Amino acid sequence: RGAVCRPVPLGGWAENGGGSVGPGSEEAGHVLALDMVDPAQICGDRDLIVQLLANLIQNALRYGPIGQTITLKIHGPVVSVTDQGPGIAPEDRDKVLQPLFQKTQDRQTEGFGLGLSLVRAISDLHDAPLSLTDGPGQCGLMVTMTFAAI
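Residues numbered from 1 in each chain as written. Predicted model: local features only at pLDDT ≥ 70, side-chain atom pairs only at ≥ 80, totals over all residues. Heavy atoms only, no water.

Chemist: So, helix 4 (residues 115-125): which residues are in play, and what are the values?
Modeler: What helix 4 keeps buried is the set Leu116, Ser117, Val119, Ile122 and Ser123. Looking at the packing, one finds that the buried side of helix 4 touches helix 2 (46-63), helix 3 (93-96), strand 6 (130-134) and strand 7 (141-146). Positive phi appears at Asp127, one or two residues downstream of helix 4, with a value of about 50 degrees. (Buried < 20%, exposed > 50% of the residue type's maximum accessible area, 1.4 Å probe, protein only. Helix = DSSP H or I, 4+ residues; strand = E, 2+ residues; numbered from the N terminus. Contact = heavy atoms within 4.5 Å.)

And the structure:
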């Protein structure tokens, strides 16, 4: 494990202002729904966990429709971010976790293909398995990490 090992309360980010999804998001009608049940404390690097969550929420804002609900769910040591965007096809899910991969040419101006690969690197550093699945009702994308509680 290469991450700094300090106690990190997973619910602390959301409780300390993480509920803001970014500049202009409220004007566009985006909503961040928080679903927290007994958020765990983990051993890790707080700054990296904040970066991981920020990257996931920014991706949801970038690729989801105006007015969508982005759900940050923290149940114990399990953290997920779900959006209502186009999702990612199962055959592309491993590819999007690789640095510099972008799903389509039309996304070239919207990013560099580093967001999800950074999320993967941070989750790996924390020994937190990462999965990408369809959101509820086969709508959007759900990214889930399972951390080890302390």
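Chemist: Tell me about the side chain of Arg93, and please be specific about residues and values.
Modeler: Note on placement: Arg93 falls in helix 3. Residue Arg93 is classed as buried on the basis of its relative accessible area of 13%. Within the structure, the side chain of Arg93 is placed 2.8 Å from the backbone oxygen of Ile88, a separation counted as a polar contact. Here the side chain of Arg93 touches Asp134 through a polar contact of 2.5 Å, side chain to side chain. Once residues lying within four places of it in the same chain are set aside, the contact partners of Arg93 are Ile88, Leu132, Thr133 and Asp134. (Polar contact = N/O pair within 3.5 Å; in protein donor to acceptor, adjacent residues only side chain to side chain.)

Chemist: Before we move on, can you summarise the sheet that holds strand 6 with the specific residues and values?
Modeler: Within the open sheet, the five strands sit side by side as 2-4-5-7-6. Their pairing is mixed. Each edge of the open sheet is held by one strand with a lone partner, namely strand 2 (31-37) and strand 6. Here the strands of the sheet are splayed against their neighbours by 15 degrees on average, with no regard to which way each runs. Against the sheet, helix 4 contacts strand 6 and strand 7, and its axis sits at roughly 135 degrees relative to strand 6. (Pairing = 2+ DSSP bridges. Axes fitted to C-alpha atoms, helices over the stretch in contact; angles between N-to-C directions.)

Chemist: Go over the pattern of salt bridges, please, and point to the residues and values.
Modeler: Evaluation of the coordinates by the stated rule reveals three salt bridges. One salt bridge connects Lys95 with Asp92, and the closest N-O pair in it is separated by 3.7 Å. (Salt bridge = Lys/Arg side-chain N within 4 Å of Asp/Glu carboxyl O.)

Chemist: Can you lay out the confidence of the model for the protein for me, pointing to particular residues and giving the numbers?
Modeler: In the predicted model, the protein carries a mean pLDDT of 84, and 78% of its residues have values of at least 70. Contacts from residues 105-109, a stretch scored under 50 in pLDDT, to residues over four places away or in other chains number four contacts. (pLDDT = per-residue confidence, 0-100.)

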